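The residues making up each chain are set out below.
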Amino acid sequence: MLPEVGEWLGARTSSSGDRPLAELLEAKGGMTVSVVLPARDEEETVGGIVAAIRRELMDAVPLVDELVVIDSRSVDDTAGRAARAGARVVAQDEILPDLKPLDGKGEALWKSLAATSGDLLVFIDADLLEFRTSFVTGLLGPLLTDPSVVYVKGCYDRPLQNVQSGGGRVTELVARPLINLHWPLLAGFVQPLAGEYAGRRSVLEAVPFVTGYGVELGLLIDLLDLAGLDALAQVDLGRRVHSHQSTEALGGMAAQILQTSWSRLERQNMMISLHRLSTDLAQFRRGADGHRVSVRDVAVAERPPMITIPAYRPSP
């Protein structure tokens, strides 16, 4: 690990319990905070997350000003349960409707910039099983108390089948090796693909968003390039429990993360591409007559910096 990364770890890593709520409220001043949950078919968990944020951080104390669920074409009762719990629910495809709709979590996150108005945005995944509002307060801490910090990633233990740190398979097998190989300044991030993070609107609207599963890696790389390592921070949120994807599904996620890294290597003049990437992913399952191949397109699109969109106006 680079010496400057070791120094960054000591200076820019904190815990969600380091800053009491009263300190955050005082530091908030005139800043406004939007919490965003991108959600697709998460009816079992989204209502509880929304209700906790509404109860503890909006009704009890005025820390969060806006709570928005971006419904990404759910076919279950995700939208209804989120609305009944107290969120404003916005359909992904109704935001900036003149643009051709794209797929993926990153698309929902990018469009949330146009559906919210907060100076600070906190992103929380909607599938968490043991959600605590300290996830929100922890991520906000560095942003509210240190104006030099522009982006904060959550880190945590991710249990898998009773193994405390068994989760995060794509992180350990794909993202972390890529980061250490090509962007060693980011090697201090414990959970580079974490779905819980927060940032200042001014920087989030200045960088592109990959629309698929590479969005978290893309944001880290692009924000490092834009603001520098010292403007980034991470907060230990403790333990994160959620439903886990199949190995087959993780293969598709890994393919999109690899494509995201490829595009950044090209853009930053770190490599010269001599061929065009194939975006077909062939995977195999055993059937009655042997192995059967399944081929799917795992291509990822990318949205430009939101500030470059003529129709962009933060939601009032």
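Refer to the structure presented above.
Computed from a predicted model, the values in this text were never measured in an experiment. (Residues numbered from 1 in each chain as written. Predicted model: local features only at pLDDT ≥ 70, side-chain atom pairs only at ≥ 80, totals over all residues. Heavy atoms only, no water.)

Focus: helix H5 (residues 105–115)
Okay, so step 1: By the criterion of burial, H5 is predominantly enclosed, with 10 of the 11 residues buried.
Okay, so step 2: Restricting attention to buried positions, one finds in H5 the residues Gly 106, Glu 107, Ala 108, Leu 109, Trp 110, Lys 111, Ser 112, Leu 113, Ala 114 and Ala 115. (Buried < 20%, exposed > 50% of the residue type's maximum accessible area, 1.4 Å probe, protein only. Helix = DSSP H or I, 4+ residues; strand = E, 2+ residues; numbered from the N terminus.)

Quick look at the nonpolar core
Okay, so step 1: Ranked by size, the top nonpolar core spans 49 residues in total, and within it Tyr 151, Leu 186, Phe 209 and Leu 232 carry the most contacts.
Okay, so step 2: The dominant element in this core, judged by the number of residues it contributes, is helix H9 (residues 215–227), at seven residues.
Okay, so step 3: Every residue in contact with Phe 209, bar those within four places of it in the chain, is listed here: Gly 106, Leu 109, Trp 110, Leu 113, Leu 204, Val 215, Leu 219, Ala 301, Glu 302 and Arg 303. (Core = buried A, V, L, I, M, F, W, Y, C linked by side-chain atoms within 4.5 Å. Contact = heavy atoms within 4.5 Å.)

With respect to the sheet that holds strand E3 (residues 66–71)
Okay, so step 1: If you trace the eight strands from one edge of the open sheet to the other, you get E1-E9-E6-E7-E5-E2-E3-E4, paired in mixed fashion. Across the chains shown, the open sheet's two edge strands, defined by having one partner strand only, are strand E1 (13–15) and strand E4 (88–91). Neighbour to neighbour, the strand axes of the sheet diverge by 25 degrees on average, direction disregarded.
Okay, so step 2: As judged from the four bridges shared by strand E2 (residues 33–39) and strand E5 (residues 120–123), these two strands associate in the parallel manner. Its bridge partner being in E5, Val 33 is matched across the sheet by Leu 120.
Okay, so step 3: Against the sheet, helix H3 (residues 46–59) makes contact with E2 and E3, and its axis sits at roughly 165 degrees relative to E3, the strand it touches most.
Okay, so step 4: The sheet contacts of helix H6 (residues 134–145) involve E1, E2, E5, strand E6 (151–157), strand E7 (197–200) and strand E9 (232–239), and relative to E9 the element is tilted by about 160 degrees. (Pairing = 2+ DSSP bridges. Axes fitted to C-alpha atoms, helices over the stretch in contact; angles between N-to-C directions.)

Concerning the packing of aromatic side chains
Okay, so step 1: Inspection of the entire model under this criterion finds four aromatic pairs.
Okay, so step 2: One aromatic cluster in this structure is built from Phe 123, Tyr 151 and Tyr 197. (Phe/Tyr/Trp six-rings, centres within 6.5 Å; stacked < 30°, edge-to-face > 60°.)

Digging into a nonpolar patch on the surface
Okay, so step 1: Judged by side-chain polarity, Phe 284, Val 293 and Val 295 come together as a nonpolar surface patch covering roughly 310 Å² of accessible area.
Okay, so step 2: Within the secondary structure layout, Val 293 lies in strand E11 (residues 290–297). (Patch = residues over 30% accessible without salt bridge, like charges linked within 9 Å, V, L, I, M, F, W, Y side chains within 5 Å. Areas by Shrake-Rupley, 256 points an atom, 1.4 Å probe, with all protein chains shown as cover. Salt bridge = Lys/Arg side-chain N within 4 Å of Asp/Glu carboxyl O.)

Points about the side chain of Ser 261
Okay, so step 1: Structurally, the position occupied by Ser 261 is in helix H10 (residues 247–267).
Okay, so step 2: Apart from the residues within four sequence positions on either side, Ser 261 is in contact with Leu 178, Trp 183 and Leu 217.

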